[in-house]
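If you want the building blocks of each chain, they are given just below.
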Amino acid sequence: MNCPGGMLVYKNSIHSYREFPLRLGELGLVHRHEASGALAGLFRVRTFTQDDAHIFMTEEQIRDEIANIILLYKKVYSVFDLKFHIELSTRPEDKYIGEIRTWDIAEKALAEACEKAGFAYKLNPGDGAFYGPKLDFKLKDSMNRIWQCGTIQLDMNLPERFDLTYIAEDGTKKRPVMVHRALFGSLERFIGIITEHYAGAFPTWLSPIQVKIIPVNLNYHTDYCKKLQQLFLENSIRQEVDFRDEKLGYKIREAQTKKIPYSLVIGDNEVQNNLVTYRRHGSQAQVTVTVEEFIELIKKHRFLKGLGIAFLLTLLLETIQLITTVGYFTFNDLVSNTLGYIIGYLVYFLMNKFLNRKVIYHIFNVFTVFFIVLSIYGIVNTIVHIEIYDLDY
């Protein structure tokens, strides 16, 4: 019983308006006794794990908080290249709890949150939960099939039934508003959805096995394969070595059939020259590179997807700052900004080569946030400066 559990956790202590929005999350195990004929792989099971969260807030915070949740959904789904649309499900005709006025306020808040987040929504009359309206996120996979996945359910009724309160700014006790939030819904079903979406050919950063190492001759190439295996483990590259006494062609075909992103074929040339020869899934081309180059290739799949966006955003803000300072910046300013980016990239690649990647990730995030804030400050400061300059004349 995930929802009552969230209520009881909240009710365990006294809360102030200063704590809001208060976000409580769990990975809860849910049991549902489905009919045997309705069961279907990972998509319909009797026990599943739900990324359940309950967020408590004031009525004034509803629109901003839900808009932020929608943007979070967009960010996560875009990682998997999943498109989606939103459906606003309103009060059921008969079976509902609470007053109609409360439902109207909740439905309006959800609609305004969608608009603030910049998303259109499709109205789905009468399909809300019995305790409140909801936003359903319908995902579209690579085969244009629609899947019900994430949901945001606004609940102004259960807090009243459980007599939840908080201390308001004026010192009185008031009733909080609660949001049920599940981004993936059933984790098992989401795994099924992305498996279908990628047709089993997961991108390198997501694939359970990123590299399959295949020795040509077990008598001569086993030690080098073990050395590669250890090196990949140190660099957090997920790999397997095929030490079976099977034909080479059979091993390669099996790796391709299993849709492993990279198959490494290790022979005499690779052992003698510290090289690897790789073959991408779905490609017949074989490429020979040094071990260090191959490790960097795998790293790029992990880093460039997320961190490149942050670099581009920072660059965009800096560019806007330069544009808005027309008449104030000099050629030296332009040169210094350009050199700053070049130095930044050099520092990043040096850290990437010599430091642990988790350390790099945190350092990079701190500096990215710092420079974004600095850029925004520069833009605002420039606009104020221009306004004062205009007033003087």
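Structural data are supplied above this passage.
Computed from a predicted structure; not experimentally measured.

(A) Region of interest: the pairing of strand β13 (residues 275-280). The buried count for β13 comes to five of six residues, which makes it a mostly enclosed element. Of the pairings in the sheet, the one linking strand β12 (residues 262-266) to β13 comprises four bridges and is antiparallel in character. Across the sheet, the residue bridging to Val265 is Thr277, located in β13. In this sheet, strand β14 (residues 287-290) lies alongside β13 in antiparallel orientation, the contact comprising four bridges. Counted as the bridge partner of Val276 is Val289 from β14. Where β13 hands over to β14, the hairpin turn is made up of six residues, of which Gly282 adopts a positive phi near 85°.

(B) Quick peek at the environment of Pro215. Within the secondary structure, Pro215 sits in strand β10 (residues 211-215). Given the relative accessible area of 2%, Pro215 is considered buried. Spatially, the C-alpha atoms of Pro215 and Lys251 are 9.5 Å apart, while their sequence positions differ by 36 residues. Excluding residues that lie within four positions of it along the chain, Pro215 makes contacts with His221, Cys225, Asp242, Phe243, Leu248, Lys251 and Ile266.

(C) Just the pattern of salt bridges, in detail. Tallying each qualifying case throughout the model produces 13 salt bridges. Two residues, Arg23 and Glu65, come together in a salt bridge whose shortest N-O distance is 2.9 Å. Here the residue Arg23 occupies a position in strand β1 (residues 22-31), and Glu65 occupies one in helix α2 (residues 62-79), the gap between them amounting to 42 residues. The network of salt bridges with shared partners includes Arg32, Glu34 and Arg44.

(D) Up close: the packing of aromatic side chains. Using the criterion set out here, one finds 20 aromatic pairs in the structure. Geometrically, the ring pair formed by Tyr73 and Tyr77 is edge-to-face, given 5.9 Å between the ring centres and 65° between the ring planes. Of this pair, Tyr73 and Tyr77 both sit in helix α2, four residues apart, which is roughly one turn of that helix. Overall, Tyr77 belongs to the buried group, its relative accessible area being 0%. Clustering of aromatic rings is evident, with ring pairs tying together Tyr73, Tyr77, Phe84, Phe119 and Phe137. A cation over an aromatic ring shows up here: Arg91 above the ring of Tyr96, its NZ or CZ 5.1 Å from the ring centre.

What counts, and at which threshold
- The numbering scheme is per chain: residues are counted from 1 as the chain's sequence reads.
- Local features in a predicted model are, by the rule used here, given only for residues with pLDDT of at least 70; side-chain atom pairs are given and counted only at 80 or more, and totals for whole chains, interfaces and linings are based on all residues.
- Side-chain figures throughout are based on the complete set of non-hydrogen atoms in the structure, without hydrogens or water.
- Throughout this description, buried means an accessible area under 20% of the type-specific maximum (1.4 Å probe, protein chains only), exposed means over 50%, and partly exposed covers the range between.
- Helix and strand definitions here come from DSSP, where helices need a minimum of 4 consecutive H or I residues and strands a minimum of 2 consecutive E residues; each element is numbered from the N-terminal end.
- Any two strands between which DSSP finds at least two bridges are classified as paired.
- Between two residues, a contact is recorded if the distance between any of their heavy atoms is within 4.5 Å.
- Put simply, a salt bridge is a Lys or Arg side-chain nitrogen that is within 4 Å of an Asp or Glu carboxyl oxygen.
- Ring geometry is summarised as follows: Phe, Tyr and Trp rings, the Trp one being its six-membered ring, pair when their centres sit within 6.5 Å, and such pairs are stacked at plane angles under 30 degrees, edge-to-face over 60 and tilted between the two.
- Whether a charge lies above a ring is judged from NZ of Lys or CZ of Arg, which has to be within 6 Å of the ring centre and within 35 degrees of the ring normal.

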